[in-house]
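Spelled out, the chains give:
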Amino acid sequence: MNKSQRDKNDLACQAADEFCKLYYECMDKTRHLINKLYLDSGLMVYNGTGVSGKDNIQKFIAELPATSHTISSLDAQPISEFAVGQQSTLTILIAGNVRIADRKPAYFVQDFTVTVHDSKWRIVSDCFRLQEPMT
Amino acid sequence: IGFDLEEKKVDLPESHSSFLCSEEGRDITLEFVKQYFGLYDGVDRSGLINAYHDTAVFSLTTAYNTPPTPQNTTRLNDYLSHNRNLKRVNGHNRREELIKKGKTEISEFLCTLPRTQHDPASFTLDLSIFNAKLMLIFSLTGVFKEPDVKGEPHRHFYRKFVLLLSDAGVAIVNDMMHVTNATQNQIKNCFVAVPLPVAAVPPKPPVAA
């Protein structure tokens, strides 16, 4: 693996670590700001419900019950240039426990596709899934 | 007389087994999932080499969803030694080593993981990005069991794929995998239903909140 790919991998790790802290702090405490983390055309998929557009996403999140996330696992990769060209884009995978309202904590996994826009990282799309049986 | 600050009771939106951002992308994605997990569940996974692009990358994370106790001894040891959890792995070199690179290294690595049997009826599938001439991104979750491992453990997995689309076919460029233990509730509900609910779900446009 060449040096520049290695640098990109390092950068992805740094950005993912910072992103993870910011996103869940925003989700748990300052939901009215969460639209700032998304592209205008961003897409959120929450347990199979798709919401598109950053303002719709913010409204959707504002109406969810209160949450408190604890992160156990984080990983990130730069997305291949064959898929995104020179547009720096990351894929991030996060897992942990979430306490929703007064329920028992439940395990969740969430992935993000994040790209650079106006020199900031912004979410293109994310998918959230609670660990639950589908029947 | 009380005050009006009492929080109104809000509940989670109902879960759906699938979200598909594009109807056109549905068939490609479902066909890919069927072929990929057919090979993955086989005795020999080396055929998966053809699913990956020359420059593909793969990484694995794992974590206990509840702390292991003497009563619950299902361990994740087969996954832990390859765990690229950035919360725990700090060195640049170790982080770099834990990314499997290229179709040969990836398929050889996948052959070293325990043999699996996935339950397609447990799958959830979310297609979040689709560009017919270029690429698609989807996330898949579900339950598999490990028939060759003592106690036949059941696991919950989450997989995220970035696929290139071309006239030559489909090739994985990014692959991320997360594994944890299945919950009692999942174990009770898996390998009983008739597959495959995802195929029957019509694509839905995103909702406006």
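What counts and what doesn't
- Residues numbered from 1 in each chain as written.
- Chains lettered and ligands numbered in written order.
- Predicted model: local features only at pLDDT ≥ 70, side-chain atom pairs only at ≥ 80, totals over all residues.
- Heavy atoms only, no water.
- UniProt positions renumbered as here; feature names shortened; annotations may be inferred.
- Buried < 20%, exposed > 50% of the residue type's maximum accessible area, 1.4 Å probe, protein only.
- Helix = DSSP H or I, 4+ residues; strand = E, 2+ residues; numbered from the N terminus.
- Arc of directions from axis to C-beta.
- Salt bridge = Lys/Arg side-chain N within 4 Å of Asp/Glu carboxyl O.
- Contact = heavy atoms within 4.5 Å.
- Buried area = accessible area lost by both parts, 1.4 Å probe.
- Polar contact = N/O pair within 3.5 Å; in protein donor to acceptor, adjacent residues only side chain to side chain.
- 1 Å grid on protein atoms, 1.4 Å probe; cavity = no way out; pocket = protein on both sides within 12 Å on 5 of 7 lines; lining within 4 Å.
- Points joined across faces, edges and corners; volume = space filled by probe spheres on them.
- Nonpolar A, V, L, I, M, F, W, Y, C, P; charged D, E, K, R; others polar.
- Phe/Tyr/Trp six-rings, centres within 6.5 Å; stacked < 30°, edge-to-face > 60°.
- Lys NZ or Arg CZ within 6 Å of the ring centre and 35° of its normal.

Per an unreviewed UniProt entry, the recorded name for chain A is NTF2-related export protein, and the organism is Cloeon dipterum. On record in UniProt, under Function (unreviewed entry), the comment for chain A is "Has a role in nuclear-cytoplasmic transport of proteins and mRNAs."

*Asks:* How should I be thinking about helix H2 (residues 54-62) of chain A in this particular structure?
*Replies:* It helps to recall that an α-helix has 3.6 residues per turn; residues three or four apart then point in one direction. Among all positions of H2(A), only A:Ile57, A:Gln58, A:Phe60 and A:Ile61 are buried. Taken around the axis of H2(A), the buried residues stretch over an arc of 165 degrees, which confines them to a single face.

*Asks:* Would you mind showing me how to read the pattern of salt bridges here?
*Replies:* Pairing between side chains of opposite charge can happen when the charged atoms of each approach one another. This structure, assessed with the given rule, holds 17 salt bridges over all chains. Its salt-bridge partner being B:Glu23, residue B:Arg26 comes within 3.6 Å of it at the nearest N-O pair. Of the two residues, B:Arg26 and B:Glu23 are both situated in helix H1 (residues 23-40); the distance of 3 residues between them amounts to about one turn of the helix. Two residues, B:Glu146 and B:Arg155, come together in a salt bridge whose shortest N-O distance is 3.0 Å. Accessibility expressed as a relative area gives 2% for B:Arg155, which makes it buried. The structure contains a network of salt bridges with shared partners spanning A:Asp17, A:Lys21 and B:Lys87.

*Asks:* Is there a simple way to think about unusual backbone geometry in this case?
*Replies:* Note on backbone geometry: most residues besides glycine have negative phi, and most peptide bonds are trans. Residue and element names in this part refer to chain A. With a phi angle near 45 degrees, Asn 47 is a residue other than glycine that sits in the positive phi range. In this structure, Asn 47 sits in the loop between strand E1 (38-46) and strand E2 (49-52). Owing to a relative accessible area of 1%, Asn 47 belongs among the buried residues under this scheme. Positive phi is not limited to glycine here, since Ala 101 has a value of about 50 degrees. Summarising the element assignment, Ala 101 is placed in the loop between strand E4 (89-100) and strand E5 (106-117). Of the residues examined, Ala 101 reaches a relative accessible area of 41% and is grouped as partly exposed.

*Asks:* I'm lost on the environment of A:Ile79 in this one. Help?
*Replies:* When you line up the elements, A:Ile79 lands in the loop between strand E3 (67-78) and helix H3 (81-84). Each C-alpha atom, one on A:Ile79 and one on A:Lys8, is 10.0 Å from the other, the two residues being 71 residues apart in sequence. For A:Ile79, the contacting residues outside a window of four places in its chain are A:Val84, A:Thr89, A:Leu90, A:Thr91, A:Thr113, B:Ile137, B:Val162 and B:Asn174.

*Asks:* Sorry, what's going on with the interface of chain B and chain A here?
*Replies:* Accessible area lost upon the coming together of the parts is a frequently used measure of interface size. If you look at the interface, chain B gives 64 residues, while chain A gives 57 residues. Of the roughly 5200 Å² buried where chain B meets chain A, counting both sides, 59% is carbon and sulfur surface. The tally of links between chain B and chain A comes to 5 salt bridges. In this structure, the salt-bridge partner of B:Lys87 is A:Asp17, at a minimum N-O distance of 4.0 Å. The tally of links between chain B and chain A comes to 32 residue pairs in polar contact (both at pLDDT 80 or more).

*Asks:* Whenever I open this one, the layout of surface pockets confuses me. Can you help?
*Replies:* Any empty space left between atoms is shown by rolling a water-sized probe over those atoms. Approximately 810 Å³ is the volume found for the largest pocket. Around the largest pocket sit 33 residues that line it, and B:Asn65, B:Asn181, B:Ala182, B:Thr183 and B:Gln184 are the ones nearest its centre. Elements that contribute at least two residues to the lining of the largest pocket include exactly E4 and E5 of chain A together with helix H2 (77-80), strand E7 (154-166) and helix H5 (184-189) of chain B. Residues that form the lining of the largest pocket fall into these classes: 11 nonpolar, 14 polar and 8 charged. Considered as a void within the structure, the second largest pocket measures approximately 500 Å³ in volume. What lines the second largest pocket is a set of 28 residues, and nearest its centre among them are A:Gln5, A:Lys8, A:Pro78, A:Ile79 and A:Glu81. Breaking the lining of the second largest pocket down by element, the ones donating at least two residues are helix H1 (3-29), H3 and E4 of chain A together with strand E2 (52-62) and strand E8 (169-181) of chain B. The biggest single contributor to the lining of the second largest pocket is H1(A), with 5 residues. Here the lining of the second largest pocket is composed, by residue class, of 11 nonpolar, 12 polar and 5 charged.

*Asks:* Would you mind going over the packing of aromatic side chains with me for this structure?
*Replies:* For any pair of aromatic rings, the description consists of the separation of the ring centres together with the inter-plane angle of the planes. All names here are of chain B. Following the criterion strictly, the structure yields 22 aromatic pairs over all chains and no others. Taking the centre distance of 5.9 Å and the plane angle of 75 degrees together, the rings of Phe 32 and Phe 138 count as edge-to-face. Of this pair, Phe 32 sits in helix H1 while Phe 138 sits in strand E6 (residues 135-145), placing them 106 residues apart in sequence. Taken individually, Phe 32 and Phe 138 each receive the classification buried, so the pair is uniform in this respect. On the basis of an interplanar angle of 70 degrees and a centroid distance of 6.3 Å, the ring pair of Tyr 36 and Tyr 52 is categorised as edge-to-face. Residue Tyr 36 is located in helix H1, and its partner Tyr 52 is located in strand E2; the two are separated by 16 residues in the primary sequence. Taken as a pair, Tyr 36 and Tyr 52 share a single burial class, namely buried. Connected via pairs of aromatic rings, a cluster forms that spans Phe 32, Tyr 36, Phe 37, Tyr 40, Tyr 52, Phe 123, Phe 138, Phe 144, Phe 157 and Phe 161. The ring centre of Tyr 40 lies 3.9 Å from the NZ or CZ of Arg 45, which sits over that ring. The ring of Phe 109 carries the charged tip of Lys 100 above its face, separated from the ring centre by 4.6 Å.

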